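Next come the chains, spelled out residue by residue.
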Amino acid sequence: MRKIGIIGTGHVGLVTGACFAKLGNRVICVDSDITKIEKLKKCIVPFYEPGLEELVKKQTTDKNLRFSHSMDELVSSSEIIFICVGTPSNLDGRADLSYVEQASIQIAESLNKIKNEKSKMNNYRLIVEKSTVPVLTGQWVKRTIELVAPTGVNFDLAANPEFLREGNAIRDFFHPDRIIVGVENKRAQHIFKELYRPIKAPIIFTDVKSAEIIKHASNSFLSMKISYINAISQICEKVGADVEMIAEGMGADRRIGKDFLRAGIGYGGSCFPKDIRAFISIAEELGYEFGLLKEVEKINNQQKNIVIKKARDLLWNLREKVVGILGLSFKPGTDDIRESPSIGIIQLLLDEGCVVKCYDPRAMENMKRLIPDIHYGKDVYDTAEGSHLLIFATEWDEFKNLDFKKILRLMRTPYIIDGRNFLDARYLKSIGFTYSGIGRRV
Ligand SMILES: NC(=O)c1ccc[n+]([C@@H]2O[C@H](COP(=O)([O-])OP(=O)(O)OC[C@H]3O[C@@H](n4cnc5c(N)ncnc54)[C@H](O)[C@@H]3O)[C@@H](O)[C@H]2O)c1
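In this text the structure is predicted, and so the values were computed from the model without any measurement.

With that out of the way, let us pick up unusual backbone geometry. What you tend to see is this: most non-glycine residues have negative phi, and most peptide bonds are trans. The phi dihedral of Cys43 is positive, around 65°, even though this residue is not glycine. Tracing the backbone shows Cys43 in the loop between helix 2 (34-41) and helix 3 (52-61). Although it is not a glycine, Asn421 adopts a positive phi angle of roughly 50°. Mapped onto the secondary structure, Asn421 falls in the loop between strand 13 (415-418) and helix 17 (425-430).

Next comes the structure, spelled out in structure tokens:
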């Protein structure tokens, strides 16, 4: 049993905290957002993640997990401190590391307060970057803590980047492909070995800088696969070939693999877009122009325009045409709309003068806060009613088995754009829809 502190109770921090608690550790979580902590004290999880609320309830009741407003309490009672704060994009694409800096200063100030206390715990702390950060951030965190707490503070810094996927986060915590840990010495390595002993996955130990790069390089590589297949889908559209067959043929080669070879309206979310921008920026700061990744970004941004072109091809003029968007979250299983392709598509349609209606099983409230002045349907059928065109932007399971004959009767014109290539195109065509996928031959 370890005493663990989690700074930041977003997707990563809360899942990490609750899962470490389930493994029998004593976990305390803080967040600078007071209302979030108040909610969590009542076991209300402020975002949707399957199974998380139940886990938080159970671990809180079992007294393995607690929430606090006090960083002093966290630092004094935790041997291992995970920094799980956000690292959003600055306007120029660099990672905004101000939350990481703030957390480092707060840790150091609290360490200052306790260093002279004769506490039961020794005053060694393992401070861990779990947030996704550009290479060399660890050096800055270390330097910041040493500046604020210059003497008598005994700590190691480590990097343990997170690879969980929203919608699958708890499973990913307990069954990761691998655990990446960047350490500076054997002492920290030993603690991580103990901490992750219950998880049956290889731990890859590296230095801190390499661990930081592994996270950016992995997310950029996956984004590259998506943009690559999206580029191929454009060639398919020009010659009438089928991107799905091509992805199957390519993916059967073990060196390539079939994952992340799904053509569509592009990647989004709180990670891929910002991580790629941050990786390009840090490379540039270090004197390397990452042209490959710039092209990945460019292709991804173009995918939204391809949807608008398809809408024009189907409807001719878009002004005053009613378009239903089904799926607002950046992927199924989450209510997260950060950098969701739906946002860009809605904006482009509004610019064209369309009337936009939307529906999502989970993400409506978040989208209403961002774009309040459009119509939000009660369900798919309500959204389809009176629409000239439906655009499927997220491949939610519940969209796979809809009553499409009913949808056809409700719509003004029978047009579907399948932005995720997940619908049964032949069936839709057979009942009278004009179907348009991304690089998919029907
Ligand atoms: N969301 C994902 O799927 C995912 C997956 C892997 C890695 N990551 C990375 O993990 C990090 C966190 O992501 P997230 O999605 O959980 O972010 P998030 O924005 O949902 O949560 C971050 C939390 O940190 C809190 N916070 C900020 N500064 C603080 C401070 N000084 N003290 C206490 N709390 C503070 C915020 O209030 C917020 O609740 C990011 O670097 C992200 O790139 C995210």
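Read on, since the account is not over.
Looking now at the site of the ligand. Not every one of the 27 residues close to the ligand is listed here, only the nearest: Gly8, Gly10, Gly86, Ser131 and Thr132. The set of elements that each furnish at least two residues to the shell around the ligand consists of helix 1 (11-22) and helix 5 (98-114). Top contributing element to the shell around the ligand by residue count: helix 5, with 4 residues. The residue inventory of the shell around the ligand, partitioned by class, reads 9 nonpolar, 13 polar and 5 charged.

With that settled, the discussion passes to helix 6 (residues 137-148). The terminal C-alpha atoms of helix 6 lie 17 Å apart, and with 12 residues this matches the ideal 16 Å at 1.5 Å per residue to within 8%. Taken together, the buried positions of helix 6 are Thr137, Gly138, Val141 and Ile145. The buried side chains of helix 6 occupy one side of the element, clustering within an arc of 105° when seen end-on. Seen from the open side of helix 6, the exposed residues pointing more than 90 degrees away from its buried face are Arg143 and Leu147. Packing partners of the buried residues in helix 6 comprise helix 5, strand 5 (124-129), strand 6 (154-159) and helix 9 (208-239).

Over its 17 residues, helix 5 runs 24 Å from end to end, which matches the ideal 24 Å to within 8%, given 1.5 Å per residue. Taken as a whole, helix 5 has its buried residues at Val100, Ala103, Ser104, Ile107, Ala108, Ser110 and Leu111. The buried residues of helix 5 occupy one face: seen down the axis, they fall within an arc of 165°.

Turning our eyes to something else, we now look at the sheet that holds strand 10 (residues 355-359). If you walk across this open sheet you meet the 6 strands as 11-10-9-12-13-14, and the pairing is parallel. Every other strand in the sheet has two partners, leaving strand 11 (375-376) and strand 14 (434-436) as the edge strands with one partner each. Inspection of the sheet shows strand 10 paired to strand 11 by 2 bridges, in the parallel sense. Bridging across to strand 11, Lys357 finds its partner in His375.

With that settled, consider the domain arrangement of the protein chain. Under the domain assignment used here, the protein chain contains domain 1 (3-206) and domain 2 (219-436). Taking only C-alpha atoms, the centre of domain 1 and the centre of domain 2 are 34 Å apart. Counting residues at the interface gives 14 residues for domain 1, matched by 15 residues for domain 2.

How each quantity is defined
Residues numbered from 1 in each chain as written. Predicted model: local features only at pLDDT ≥ 70, side-chain atom pairs only at ≥ 80, totals over all residues. Helix = DSSP H or I, 4+ residues; strand = E, 2+ residues; numbered from the N terminus. Near = placed C-beta within 6 Å. Nonpolar A, V, L, I, M, F, W, Y, C, P; charged D, E, K, R; others polar. Expected span 1.5 Å × (residues − 1). Buried ≥ 20, exposed ≤ 12 C-beta atoms within 10 Å, placed from the backbone. Arc of directions from axis to C-beta. Contact = placed C-beta atoms within 7 Å. Pairing = 2+ DSSP bridges. Domains from an automatic or database assignment.

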